[in-house]
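Chain by chain, the residues:
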Amino acid sequence: MGRAVVSELLKRPGGHEVVAITRTPETLSGPVQGRFGDYDRPESLVEAYAGLDRLLIITTVDPEPGKRGAQNVAAIDAAVKAGVKHVVFMSAVGTRQEEEPARGASYWRGEQHLIATAPAWTILRMNFYAEAFVQLAQAALGQGVLPGLAENRVAFVARDDVAAAAAGILIGDGHAGAIYNATGPERLSGAERASLIAEISGRPLAFRVITEEQLRAGLTKAGLPAGAVNIVVSIQASFAAGAFDILTGDVERLGGRPPKPLRDVLAGALKSPSA
């Protein structure tokens, strides 16, 4: 996501300077200033954020309960200490007050800390990645069924479209105090997702509602570690609760282009043998 946002920023006119903060700044090239920064080493972040007018904080995928929430708070505190004027925080749609190890707990903690401490802030909540769903689709084809804890609808969004929306916030004006939701162009049910996968891959696939116990047992049997099992179950529970059933025009409004449908993302990864 970080690289995608940098790429979007470099395409935009306006004479802005782009600073990319990473644990591996030596891998960066082109007209980007690379700085070392590590969420687990907060002292590195204050130096990395020095002199920035606007900053985008992207959360990690650390599976340890409580770890991401602590990283989010540390990054926000470092930004405030460094004097960053406007902090943009990337969160997830449906974020609400939850306790660890729930999926949204770290986002909620980050959002609340941002609002309470940053001089100016914007929150960009993203729907479920279309690219992440590709992995679920591939696994489903291997099993012959797409499972879910309930019939539900999700407005999957492509990573590059979230990046375009983030870039639009960073170089635009009038976004302070706003909470946006980056979504794809349509809400698809479990059955519709299964039908789409089958159509693109040329292989039959059905959507099946299962229990949480069945999901946990299947994931454990497949060899996933406990942390990964908890994450998958939490995501599926969020699907079932309707957390991702949010559709907005924010990607086009902020990013300057309409978001890609899930079909386009799936088609690049799942190809019918007859295609």
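Residues numbered from 1 in each chain as written. Predicted model: local features only at pLDDT ≥ 70, side-chain atom pairs only at ≥ 80, totals over all residues. Heavy atoms only, no water.

Enquirer: I tried to follow the side chain of Asp250 on my own but got confused; where do I start?
Expert: Here Asp250 is to be found in helix 10 (residues 250–255). A distance of 2.8 Å separates a polar side-chain atom of Asp250 from the backbone nitrogen of Asn181. Look past the residues within four positions of Asp250 in its chain and what remains in contact with it is Tyr180, Asn181 and Gly255. (Helix = DSSP H or I, 4+ residues; strand = E, 2+ residues; numbered from the N terminus. Polar contact = N/O pair within 3.5 Å; in protein donor to acceptor, adjacent residues only side chain to side chain. Contact = heavy atoms within 4.5 Å.)

Enquirer: Just to check I follow, could you spell out the sheet that holds strand 3 (residues 54–58) for this structure?
Expert: Adjacent strands of a sheet pair through backbone hydrogen bonds, lying either parallel or antiparallel. The strand order across the open sheet built from four strands is 3-4-5-8, with neighbouring strands paired in parallel fashion. Lying at the two open borders of the sheet, with one neighbouring strand each, are strand 3 and strand 8 (179–182). Going across the sheet, the axis of each strand differs from the next one's by a mean of 20°, ignoring polarity. Relative to strand 5 (residues 121–126), strand 4 (residues 86–92) is paired through six bridges, and the arrangement is parallel. Residue pairing in the sheet places Val87 in a bridge with Trp121 of strand 5. (Pairing = 2+ DSSP bridges. Axes fitted to C-alpha atoms, helices over the stretch in contact; angles between N-to-C directions.)

Enquirer: Would you take a moment to explain the pattern of salt bridges for this structure?
Expert: Side chains that differ in sign of charge can pair as their charged atoms come close. Scanning all chains against the criterion turns up 15 salt bridges. For Glu199, the salt bridge goes to Arg263, with nearest N and O atoms at 2.9 Å. Placement of the pair is Glu199 in helix 7 (residues 190–201) and Arg263 in helix 11 (residues 262–267), with a sequence separation of 64 residues. Sharing partners across several salt bridges, the network here consists of Glu8, Arg12, Asp161, Arg257 and Lys260. (Salt bridge = Lys/Arg side-chain N within 4 Å of Asp/Glu carboxyl O.)

Enquirer: Explanation requested: the nonpolar core in the structure shown.
Expert: One recurring pattern in soluble globular proteins is that nonpolar side chains are buried together. One finds Met1, Val5, Leu56, Met90, Leu124 and Val162 to be the most contacted residues of the largest nonpolar core, which totals 29 residues. Among the secondary structure elements, those contributing two or more residues to this core are helix 1 (2–11), strand 4, strand 5, helix 6 (159–171), strand 8 and helix 10. Those residues in contact with Leu124, other than ones at most four positions away along the chain, are Phe89, Met90, Ser91, Val162, Ala165, Ala166, Ile169, Tyr180, Ala182 and Leu254. Formed by 28 residues, the second largest nonpolar core is a distinct cluster that contains Ala158, Ala194, Ala198 and Phe244. (Core = buried A, V, L, I, M, F, W, Y, C linked by side-chain atoms within 4.5 Å. Buried < 20%, exposed > 50% of the residue type's maximum accessible area, 1.4 Å probe, protein only.)

Enquirer: Could you clarify how one ought to interpret the packing of aromatic side chains in this entry?
Expert: Aromatic ring pairs are described here by two measures, namely the spacing of the ring centres and the angle between the planes. In this structure the tally under the stated criterion is six aromatic pairs. Ring centres of Phe128 and Phe156 lie 6.0 Å apart, and the angle between their planes is 80°; this geometry places the pair in the edge-to-face category. Taken together, the residues span a long stretch of sequence, with Phe128 in the loop between strand 5 and helix 5 (130–143) and Phe156 in the loop between strand 7 (153–154) and helix 6 at a distance of 28 residues. An angle of 85° between the planes, with centres 5.1 Å apart, marks the rings of Phe128 and Phe239 as edge-to-face. In this pair, Phe128 is assigned in the loop between strand 5 and helix 5 and Phe239 in helix 9 (residues 226–241), connecting sequence segments 111 residues apart. Of the two residues, Phe128 and Phe239, both sit in the buried class. Through a chain of ring-to-ring contacts, the aromatic side chains of Phe128, Phe133, Phe156, Phe239 and Phe244 assemble into a single cluster. Arg159 extends its terminal NZ or CZ atom over the ring of Tyr129, reaching a point 4.6 Å from the ring centre. (Phe/Tyr/Trp six-rings, centres within 6.5 Å; stacked < 30°, edge-to-face > 60°. Lys NZ or Arg CZ within 6 Å of the ring centre and 35° of its normal.)

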